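One-letter residues, chain by chain:
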Amino acid sequence: MESPPPATASPGAPTAHPGSIVGILAFAGIVAALTQTLVVPLIAQLPTLFDTSASNASWVITATLLAAAVSTPVAGRLGDMYGKRRMLLVSLVPLILGSVVCALSSAVIPMIAGRGLQGLGMGVVPLGISLLRDVVPAQKLGPSIAIMSASMGVGGALGLPFAAAIAENTSWRVLFWVVAVLALAVGALILALVPADRPATAAAGRFDLPGAIGLGAALIALLLAVSKGADWGWGSATTLTLFAAALILLPTWGWWELRLSDPLVDLRVTARPQVLMTNTASVLVGFAMYAQSLVVPQLLQLPEATGYGLGRSMLAMGLWMAPAGLMMMAMSPVGAKLSAAKGPKVTLAVGSLLIAAGYGLSVPLIGSGSPWSLLIVTLVCNSGVGFAYGAMPALIMSAVPPSETASANSFNALMRSIGTSFAAAVIGVVLARMTTDFGGIPLASENGFRVAMLIGCGVGLAAAVVAALIPVRTTKTPLQPAAAAPDTPQPSPAKA
């Protein structure tokens, strides 16, 4: 089946070379990802800046996490119904407004509100990946998906030195003004050059508002318990109540979704073995990706007197971490070629093994006294993440109807986010329990960091096993853009 030209949405619609379209959408993903690491250099200063407690200040990060988790599946479904390009532009609005609110904030409450608004814009990446299926020729779709997927890692990695440099040399408010301007530029480029998705791929039916509320409530309960459990106490009444609420709400939401002909998330499609196993691998890859992001920055910044810390500044730490994000982008075309030759299932498995190998390398290198050893670890790990992140959307899109592309990709992005949330909780517990005394101050011990990295290695291996077990149908044609009948899933290019 031939792919239509990339810009045939309607007469007078914006057109651009496919490479320009991919570049614009990847730029959108980088800007969205910047907001994830934007406040990292400010974490220690937030209580002083806003005259509040460290516990209250932590909501500046938690608010973004919760808003992103709730809004991403909603944005995906609305993208399938009303147009992915349109929802991309809509998603940029709260990102811009949230950045402006943060830039103008002088108290913690508006800062938290602004960060929550920024979180509402996190559907940009799955929407952009889904839009590629409609506006990029078939032969360029695989590499385009890989580049777009890698944009999250690039934005996250570049965000650290970018934010640290600005925070050290000028007002922290400049960080948010820069993001607001970048997001405005993204919107202008999309309006001018990115064509709309084809109407034939739109999903019919009504928007499932009760389903959106139910899923949002369940996710807030689950992620709040996971992300704040260490602060509140894992056995506290608040934490246990939230876990219990999630256990009740999630099955109830699933029962509701299965009753509808137009659900927020089509669980029957999600239960297809290829989709289910890919989403399972996504949780594991999200965990494995994030674990090293929690360990390596601490090792770089801990005092050299500990014997295993490297005593680098926040800016230096960000600069040492940045190449890993760029490695994701550099490896994405290689992963796309592997997917074209062997199928995205193989690419996902290879990527997961690379992640595990990076963690395995870290165990003897921790305490070496050289930042170069940690750089090698992050480069290997993020090479694997680049492979895996490019393969997962390809596996999802080859198994779902064109009318559910954005919804399915957004749900997959949610699975990765859940994985990162659990990584933060698990690694946080390990490092909090395995400590050493340093001048009367408890710090995570060298063995604690090794155990954390071994956990990441084990999770990476588990992801590789799940990837190897993904059942896919054999076809000799490349992944096609959405041109099949609405209820006919595209066959996968991978070999079983």
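Conventions and cut-offs
Residues numbered from 1 in each chain as written. Predicted model: local features only at pLDDT ≥ 70, side-chain atom pairs only at ≥ 80, totals over all residues. Heavy atoms only, no water. Phe/Tyr/Trp six-rings, centres within 6.5 Å; stacked < 30°, edge-to-face > 60°. Helix = DSSP H or I, 4+ residues; strand = E, 2+ residues; numbered from the N terminus. Buried < 20%, exposed > 50% of the residue type's maximum accessible area, 1.4 Å probe, protein only. Lys NZ or Arg CZ within 6 Å of the ring centre and 35° of its normal. Contact = heavy atoms within 4.5 Å. 1 Å grid on protein atoms, 1.4 Å probe; cavity = no way out; pocket = protein on both sides within 12 Å on 5 of 7 lines; lining within 4 Å. Points joined across faces, edges and corners; volume = space filled by probe spheres on them. Nonpolar A, V, L, I, M, F, W, Y, C, P; charged D, E, K, R; others polar. Pairing = 2+ DSSP bridges. Axes fitted to C-alpha atoms, helices over the stretch in contact; angles between N-to-C directions. Parallel < 35°, antiparallel > 145°, perpendicular 65-115°, else oblique. Left-handed = near helix turned anticlockwise from the far one by under 90°. Salt bridge = Lys/Arg side-chain N within 4 Å of Asp/Glu carboxyl O.

Engineer: Is there a simple way to explain the packing of aromatic side chains in this structure?
Structural biologist: Here a ring pair, both rings aromatic, is described through the centre-centre distance and the interplanar angle of the planes. By the definition in use, this model includes four aromatic pairs. Between Trp320 and Trp372, the aromatic rings sit 5.0 Å apart at their centres with planes inclined by 85 degrees, giving edge-to-face as the arrangement. You can see Trp320 sitting in helix 14 (residues 314–342) and its partner Trp372 sitting in helix 16 (residues 371–397), a full 52 residues away along the chain. Its relative accessible area of 56% is what places Trp372 among the exposed residues. Between Arg416 and the ring centre of Tyr389, over which it is positioned, the NZ or CZ distance is 4.7 Å.

Engineer: Just checking my understanding: could you explain the environment of Leu65 for this structure?
Structural biologist: Among the secondary structure elements, Leu65 is positioned in helix 4 (residues 59–82). A residue is classified by how much of its surface remains accessible, and Leu65, at 23% relative accessible area, is partly exposed. For the pair Leu65 and Ala28, spaced 37 residues apart in sequence, the C-alpha separation works out to 19 Å. In this structure, Leu65 is in contact with Ser227 and Ser421, ignoring residues within four places of it in sequence.

Engineer: What is the right way to read empty space enclosed by the protein from this model?
Structural biologist: Over the atoms rolls a probe the size of a water molecule, and its path tells where empty space is left. Throughout the structure, instances matching the rule amount to three cavities of 30 Å³ or more. By volume, the largest cavity is sized at about 70 Å³. Lining the largest cavity we find Val265, Asp266, Val269, Thr270, Val275, Asn279, Val400, Glu404, Ser407, Ala408 and Phe411. Contributions of two or more residues to the lining of the largest cavity are made by helix 12 (267–270), helix 13 (273–301) and helix 17 (405–433). Here the element with the most residues in the lining of the largest cavity is helix 17; it accounts for three residues. Looking at the lining of the largest cavity, its residues break down into six nonpolar, three polar and two charged. Taken as a whole, the second largest cavity holds about 50 Å³ of empty space.

Engineer: Quick question: what am I supposed to make of the pairing of strand 2 (residues 441–444) here?
Structural biologist: Consecutive residues of a regular strand have side chains that alternate between opposite faces of the sheet. In terms of strand pairing, strand 1 (residues 435–438) meets strand 2 through four bridges, oriented antiparallel. The partner of Phe438 across the bridge, within strand 2, is Ile441. Hairpin remark: strand 1 followed by strand 2, antiparallel, with two residues in the connecting loop; positive phi at Gly439, about 60 degrees.

Engineer: Any chance you could explain the packing of helix 4 against helix 6 (residues 108–119) here in plain terms?
Structural biologist: In helix packing, the relevant descriptors are the interaxial angle and the interaxial distance, both defined with respect to the helix axes. Close contact between helix 4 and helix 6 brings their axes to 7 Å; oriented N to C, the two are set at 30 degrees. Considering the angle they form, helix 4 stands roughly parallel to helix 6. Where helix 4 crosses over helix 6, the handedness of that crossing is right-handed. Residues Trp59, Val60, Ala63, Thr64, Ala67, Ala68 and Ser71 of helix 4 form the contact with helix 6, whose own contacting residues are Val108, Met111, Ile112, Arg115, Gly116 and Gly119.

Engineer: Where do I start with the pattern of salt bridges in this structure?
Structural biologist: Two side chains bearing opposite charge may form a pair once their charged atoms approach each other closely. Evaluation of the coordinates by the stated rule reveals three salt bridges. Between Asp134 and Lys84 there is a salt bridge; the shortest N-O distance is 3.2 Å. Taken as a pair, Asp134 in helix 7 (residues 124–135) and Lys84 in helix 5 (residues 84–104) lie far apart in primary sequence, 50 residues in all. Considered together, Asp134 and Lys84 belong to a single accessibility category, that of buried residues. Ionic pairing is found between Asp231 and Lys228, a salt bridge with its closest N-O pair at 3.7 Å.

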